[in-house]
Amino acid sequence: MSAAIRRQVMRGITSTARITAARTTPVLAKHAAVRAFSSTCTPKFVALRTLVNQVSAKDSRLYSSAAFPTHNVIAMPALSPTMTAGGIGAWNKKVGEEIQPGDVLVEIETDKAQMDFECQEEGFLAKVLVDTGAKDVAVGQPIAVFVENESDIAAFENFTAADAAGDAPAPAAEEPVKEESKSEAAPAAPAASGESKSESVASHGGRVLASPLARKIADERGLDISLVKGSGHDGIITKDDVEAYKAPAASAPSPAAAAASAPAPAQIPAAYAPQGVSGAAYTDIPTTSMRKIIASRLTESKQSVPHYYVTVEINMDKTNKLREVLNKSAEGKYKLSVNDFIIKASALSLKQVPEVNAAWQGDFIRQYNSADICVAVATPTGLITPIVTSAEGKGLSTISSQVKDLATRARDGKLSPAEYQGGSFTISNLGMFGVKNFTAIINPPQSCILAVGGAQQKVVPDETTESGFAVRNVMEVTLSADHRVVDGAVSATWLQAFKGFMENPLKMML
């Protein structure tokens, strides 16, 4: 065999080996068995372990470096879809204690409730990076470190959040480099103004290689990350690079960056500060994460959803009488409230008029097949709406006991996300406070919310009496509707159905 032929065969074998390795790596990365590799493996296997850990448990990351033994960094979890930051409650584990899968590690204050964060790994808590009582901890921020071997705990006595952030770029660099190797023969993307772009952009065909934390900080500050010069391995931009970067004075931010950097609080007028008052004139109460979310979502709803309102009066005499009879015969097993009848009547009305049981989704309207009723509950930290699922198929006593249980746990901050996230229709009842009527703000993406006032005695025409008038217990309800989903005639039809069930409550039993 000639030397030329031998060289050609060897090139083919090498190329086949590279392709096989490239195809095998992502397959191996999906198998949890890779986690069994020890920390003494080669750097490539350490990077592979890190990739597996990010896939299987995204709230913790496995790192290994010369300064610290192999360890997992636990990040602030997103315990609800709307959560961007949270607070740290009590740590249930102390440094040095063993952790088993399912153990409650720490209490997390989400935008809606106080929840237990269960650890899904086994090992030992080596370092707590965020202390109890901390507020506005961003999702993804390192909060703790744990290790597999108890003997490694002492090595993390001086470990800091900066050390945790410094670990992140190394594994993140592996995947982009591998992807680039497949397109070595492709022409490089044209570079845009070499003076304004960083060296990392130019050296990777126009792509910006940066750690996730660096990108997050750049987004928060409205910075174009391609302008930052990377100091990490292979020119990767790290958190320290973004924090140290100073934009040129003459450069103007992009429109997107300008919009992102415009602080909303600047539009809020300054509060009045009394002058010449002896003692403390006022008290500033810090806003909780839950209060901030409420403010943000309701402002967005009022500004973006085209609300309109429809009000009807309901004769409550028959409902009050049936409630009294049922409670007397309950023998202490249940105690029905007017709100239980309202929930049941709303659910049955949604089945009769399903157009109201819907949500705006932009390109389509989603119509639900079951009536999942959200019930507004006031808690010490703000409003929360636990859900009575499939209320149309539940009896009054079941609804009553479920609402009491949900309300109690809502006030104690013990609801799980599935119990208050979602729902297809909301009820807000202020009747027990003596409120006659009010209008409520729609909770997107739902299309309607029912505002319920208290029953008032009112003189109404009645041809069956000698005087031609009678005193009735009348309750006003107001339906707030999203005009993109529910037209006026549809909302009126729904209120007619609701009024029919409330004025003839025996129909709910059929």
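Residue indices begin from 1 for each chain and proceed along its sequence in written order. Reporting of local features is limited, given that this is a predicted model, to residues whose pLDDT is at least 70; pairs of side-chain atoms are given and counted only at 80 or more, and all residues count toward the totals for whole chains, interfaces and linings. Heavy atoms from the whole structure form the basis of all side-chain values; hydrogens and water molecules are not counted.

## Side note on the overall build of the protein chain
And step 1. For the protein chain, the helix and strand inventory stands at 13 helices and 19 strands.
And step 2. Residue exposure (1.4 Å probe, protein chains only): buried if accessible area is under 20% of the type maximum, exposed if over 50%, otherwise partly exposed. Taken over 510 residues, the protein chain has a buried fraction of 39%.
And step 3. By definition, residues are in contact when any of their heavy atoms lie within 4.5 Å. Relative to all contacts within the protein chain whose residues are 6 or more apart in sequence, the contacts with residues 24 or more apart total 60%.
And step 4. Carbon and sulfur atoms make up 55% of the accessible area of the protein chain, which totals about 28,300 Å². A run of H or I in DSSP counts as a helix once it spans at least four residues, and a run of E counts as a strand once it spans at least two, with each numbered from the N terminus. Surface accessibility follows the Shrake-Rupley procedure with a 1.4 Å probe radius. Residue values consider only the protein chains on display as shielding.

## Observations regarding the confidence of the model for the protein chain
For any part of a model where pLDDT is low, the fine detail of the predicted coordinates should not be relied upon.
And step 1. Per residue, pLDDT measures the predictor's confidence, with a range of 0 to 100. Summing up the model confidence of the protein chain, the mean pLDDT is 76 and the portion of residues at 70 or higher is 73%.
And step 2. Counting contacts from residues 13-58, a segment whose pLDDT is below 50, to residues more than four positions away or on other chains yields 40 contacts.
And step 3. Low confidence marks residues 255-266, where pLDDT is under 50. Its contacts with residues over four positions away, or in another chain, come to 2 contacts.

## Some points on the pairing of strand β7 (residues 123-128)
And step 1. We treat two strands as partners when DSSP finds at least two bridges between them. In the sheet, strand β4 (residues 98-99) pairs with β7 via 2 bridges, with the strands oriented antiparallel. Note that in β7 the partner of I99 across the bridge is G123.
And step 2. Pairing of β7 with strand β9 (residues 142-147), which is carried by 4 bridges, proceeds in the antiparallel orientation. What sits directly across from K127, in β9, is V145.

## Observations concerning the sheet that holds strand β16 (residues 387-388)
And step 1. The sheet built from 6 strands is open, its strands ordered β10-β19-β18-β17-β13-β16 with mixed pairing. Every other strand in the sheet has two partners, leaving β10 (307-315) and β16 as the edge strands with one partner each.
And step 2. By the bridge criterion, 3 bridges tie strand β13 (residues 373-375) to strand β17 (residues 425-429) in an arrangement that is parallel. For I373, the partnering residue across the bridge sits in β17 and is F425.

## Remarks on the nonpolar core
And step 1. Residues enter a nonpolar core if they are buried and are Ala, Val, Leu, Ile, Met, Phe, Trp, Tyr or Cys, with the set joined through side-chain atoms within 4.5 Å. Within the largest apolar cluster, 82 residues are counted, with the highest numbers of intra-cluster contacts made by I373, F425, L450, W494 and M502.
And step 2. Among the elements that take part in this core, helix α11 (residues 338-352) stands out by supplying 7 residues, more than any other.
And step 3. Setting aside residues no more than four positions away along its own chain, I373 makes contact with I343, S346, A347, L350, P386, I387, V388, A391, F425 and I427.
And step 4. Counting residues in hydrophobic clusters, the runner-up holds 9 residues, among them A210, A214, V228 and I237.

## Quick look at helix α9 (residues 289-304)
And step 1. Helix span, as expected, comes to 1.5 Å for every residue beyond the first. Counted at 1.5 Å a residue, the expected span for α9 with its 16 residues is 22 Å, and the 22 Å between its end C-alpha atoms agrees.
And step 2. Those residues of α9 that fall on the buried side of the exposure criterion are S289, M290, I293, I294 and S301. The buried residues of α9 occupy an angular sector of 135° when the element is viewed end-on, so they sit on one face.
And step 3. Residues of α9 that are buried in the fold lie against β3 (85-91), β5 (104-109), β10, β14 (377-379) and β15 (382-384). Here, the arc refers to the directions that run from the helix axis to the C-beta atoms.

## A word on the sheet that holds strand β8 (residues 137-138)
And step 1. Read from one edge of the open sheet, 4 strands run β6-β5-β3-β8, paired in antiparallel fashion. Whereas interior strands pair on both sides, the edge strands pair on one side only; in this sheet they are β6 (114-118) and β8.
And step 2. As paired elements, β5 and β6 share 5 bridges and run antiparallel to each other. Each residue of the ladder has a partner; that of V104, found in β6, is E118.

## Comments concerning the packing of aromatic side chains
And step 1. Working definition: a ring pair exists when centres of Phe, Tyr or Trp rings (six-membered ring for Trp) sit within 6.5 Å. Plane angles under 30 degrees give stacked, over 60 give edge-to-face, the rest tilted. Enumeration over the complete set of coordinates arrives at 3 aromatic pairs.
And step 2. Note on F425 and W494: the rings are 5.2 Å apart at their centroids and 35° apart in plane angle, and the pair reads as tilted. Here the residue F425 occupies a position in strand β17, and W494 occupies one in helix α13 (residues 488-503), the gap between them amounting to 69 residues.
And step 3. The exposure class assigned to W494 is buried, which follows from its relative accessible area of 0%.
And step 4. On the numbers, 5.4 Å between centres and 10° between planes, the contact of W494 with F498 is stacked. Of this pair, W494 and F498 both sit in helix α13, 4 residues apart, roughly one helical turn.

## Re the environment of L495
And step 1. Examined against the element boundaries, L495 turns out to sit in helix α13.
And step 2. Since its relative accessible area comes to 1%, L495 is described here as buried.
And step 3. Note: C-alpha distance between L495 and T478 (17 residues apart in sequence) is 9.0 Å.
And step 4. Look past the residues within four positions of L495 in its chain and what remains in contact with it is V310, V312, L450, V477 and L479.

## Things to note about α11
Note on helix geometry: an α-helix contains 3.6 residues per turn, so any two residues three or four positions apart are oriented the same way.
And step 1. Here α11 contains 15 residues, and its C-alpha end-to-end distance of 21 Å stays within 8% of the 21 Å for a straight helix at 1.5 Å per residue.
And step 2. The buried fraction of α11 is high, at 12 of 15 residues.
And step 3. Among all positions in α11, only N339, D340, F341, I342, I343, K344, A345, S346, A347, L348, S349 and L350 are buried.

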